[in-house]
Amino acid sequence: MSSLAVTQAEPRAGSTPGAAQDGRPPLRRRIALVPTVTLLLGALYCLLPVAWVVIAATKSGRELFSTFTFLPGTGFAANVRDLTAYRDGVYWQWMANSALYAGLGALLSTCVSAVSGYALAVYRFRGRETIFNVLLAGVLMPPVILAVPQYLLLAKADLTDSYLSVLLPQILFPYGVYLARIYAAAAVPADVVEAGRMDGAGEWRIFTRIALPMMIPGMVTVFLFQFVAIWNNFLLPYIMLSDDERFPITLGLFTLLEQGANTPALYTLVITGAFLAVLPLVALFLVIQRFWSLDLLSGAVKS
């Protein structure tokens, strides 16, 4: 009975084990390139509109429709002047309104989320999980479903077409409460809370002096999420407000765009206004991102 000898080709001198012999990269490396290419395509998809807005904001009305899309123009300063002069600077009133809605609303929402999340994470009481599940249901609830009931409730209280009609519905942020509970459970050790009680500290003092400093990085994230959500919110102000002097920037630019259908010269103002409206969000992110690098217990060490 004859035996077949199977010989394996030895790798050539100077070649890397596992590398393809025909000069192509190995299969594992080619597969690893797929996520990278996907992320690059996704980033390109997201950044192209931003790049278009930035470049289009530099163009005058004539340049906007007659030059290459990604060729910068020479009319940015004139566009800002025209935008400022439009209706005696109502655009900056819209910006101030958005800053009020987003800043105060996000701050109040963060405070409510911090207290609620801490209570759900630290205390044991009947119905705790039920309350938490209801909050999770609120996270899944589309805002459009809640907009009309919120309008009817505030109309009963005669609060529509006021600053409060936009602020009050934004204070309870279910996703913020969820994040605060998860973060408090991970960042606030039960032993630290119990030690504070043994030292005679009250529950409110334990929360403000011990737990809250530990939760600061997570609460910064909640604040940023809610600030961006309120700044970009369109539906709620659209339903609640009728006086354009109380409009946020989203609703103000929408009305300006509607007028641009009959007055094409307003298109440059809309584009320039959209570009300027993004800058506060970029500045906010750059200012508060350093808080994310704080250690979980750094606040407690300082307090």
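Residues numbered from 1 in each chain as written. Predicted model: local features only at pLDDT ≥ 70, side-chain atom pairs only at ≥ 80, totals over all residues. Heavy atoms only, no water.

Caption draft 1: Spatial organisation of the packing of helix H4 (residues 90-122) against helix H10 (residues 203-231). For the pair H4 and H10, interaxial distance at closest approach is 8 Å and the crossing angle is 140 degrees. Regarding the angle of H4 to H10, the classification is oblique. Remark: the crossing between H4 and H10 carries right-handed chirality. Classifying every residue of the contact of H4 with H10 by side-chain character gives 20 nonpolar, seven polar and no charged. (Axes fitted to C-alpha atoms, helices over the stretch in contact; angles between N-to-C directions. Helix = DSSP H or I, 4+ residues; strand = E, 2+ residues; numbered from the N terminus. Parallel < 35°, antiparallel > 145°, perpendicular 65-115°, else oblique. Left-handed = near helix turned anticlockwise from the far one by under 90°. Nonpolar A, V, L, I, M, F, W, Y, C, P; charged D, E, K, R; others polar.)

Caption draft 2: Fine view of the nonpolar core. With 39 residues, the main nonpolar core has Tyr91, Phe227, Trp231, Ile249 and Leu256 as its most contacted residues. Secondary-structure elements contributing two or more residues to this core are H4, helix H7 (163-171), H10, helix H11 (235-240), helix H12 (249-260) and helix H13 (266-288). Examining the composition of this core, we find that 10 residues originate from one element, H13, more than from any other. Sequence-distant contacts of Phe227, that is, excluding residues within four places in its chain, are made with Ala102, Gly103, Ala106, Leu281 and Leu284. Judged by nonpolar contacts, the second largest core, of 16 residues, contains Ala121, Ala184, Ile210 and Met215. (Core = buried A, V, L, I, M, F, W, Y, C linked by side-chain atoms within 4.5 Å. Buried < 20%, exposed > 50% of the residue type's maximum accessible area, 1.4 Å probe, protein only. Contact = heavy atoms within 4.5 Å.)

Caption draft 3: Quick peek at the layout of surface pockets. Roughly 700 Å³ of volume is contained in the largest pocket. Every residue lining the largest pocket is counted, 21 residues in all, and those nearest its centre are Pro143, Leu146, Gln170, Leu172 and Pro174. Going through the elements one at a time, helix H5 (128-140), helix H6 (143-156), H7, helix H8 (174-187), H10 and H11 are the ones with two or more residues in the lining of the largest pocket. In terms of residue count, H5 provides more of the lining of the largest pocket than any other element does, five residues in total. Residues belonging to the lining of the largest pocket are distributed by class as follows: 16 nonpolar, five polar and no charged. Of the volumes computed, that of the second largest pocket is approximately 200 Å³. Contributing to the lining of the second largest pocket are Val53, Trp231, Asn232, Ile249, Thr250, Leu253, Ala274, Ala277, Val278, Leu281 and Val282. Mapped by element, the contributors of at least two residues to the lining of the second largest pocket are H12 and H13. When residues in the lining of the second largest pocket are grouped by element, the largest group, five residues, is from H13. Along the lines of polarity and charge, the residues of the lining of the second largest pocket split into nine nonpolar, two polar and no charged. (1 Å grid on protein atoms, 1.4 Å probe; cavity = no way out; pocket = protein on both sides within 12 Å on 5 of 7 lines; lining within 4 Å. Points joined across faces, edges and corners; volume = space filled by probe spheres on them.)

Caption draft 4: Seen up close, the environment of Ile239. As for its position among the elements, Ile239 is in helix H11. Between the C-alpha atom of Ile239 and that of Val148, which follows or precedes it by 91 residues, the distance is 7.9 Å. Leaving out residues up to four positions away in the same chain, Ile239 has contacts with Ala147 and Tyr151.

Caption draft 5: Expanded view of the packing of H8 against H10. Interhelical geometry of H8 versus H10 gives an angle of 165 degrees and a closest axis separation of 9 Å. Considering the angle they form, H8 stands roughly antiparallel to H10. Relative to H10, the crossing made by H8 is right-handed. Contacts from Tyr175, Gly176, Leu179, Ala180, Tyr183, Ala184 and Ala187 in H8 reach Met214, Met215, Pro217, Gly218, Met219, Val222 and Phe225 in H10. In terms of residue class, the contact of H8 with H10 is made up of 12 nonpolar, two polar and no charged.

Caption draft 6: Structural context of the packing of aromatic side chains. Across all of its chains, the model carries 17 aromatic pairs by this definition. With a centroid separation of 6.1 Å and an interplanar angle of 25 degrees, the aromatic rings of Tyr175 and Tyr178 are classed as stacked. Taken together, the residues span about one helical turn, with Tyr175 and Tyr178 both in helix H8 at a distance of three residues. Judged by relative accessible area, which is 29%, Tyr178 ranks as partly exposed. Plain terms: the ring middles of Phe227 and Trp231 are 5.8 Å apart, the flat faces sit at 15 degrees to each other, and that makes the pair stacked. Taken together, the residues Phe227 and Trp231, both in helix H10 and four residues apart, mark about one turn of the helix. The burial state of Phe227 is the same as that of Trp231; both residues are buried. Three or more aromatic residues joined by ring pairs make a cluster, and in this case those are Phe132, Phe173, Tyr175, Tyr178 and Phe225. Here the guanidinium or amino end of Arg181 rests over the ring plane of Phe132, the centre of that ring lying 4.1 Å away. (Phe/Tyr/Trp six-rings, centres within 6.5 Å; stacked < 30°, edge-to-face > 60°. Lys NZ or Arg CZ within 6 Å of the ring centre and 35° of its normal.)

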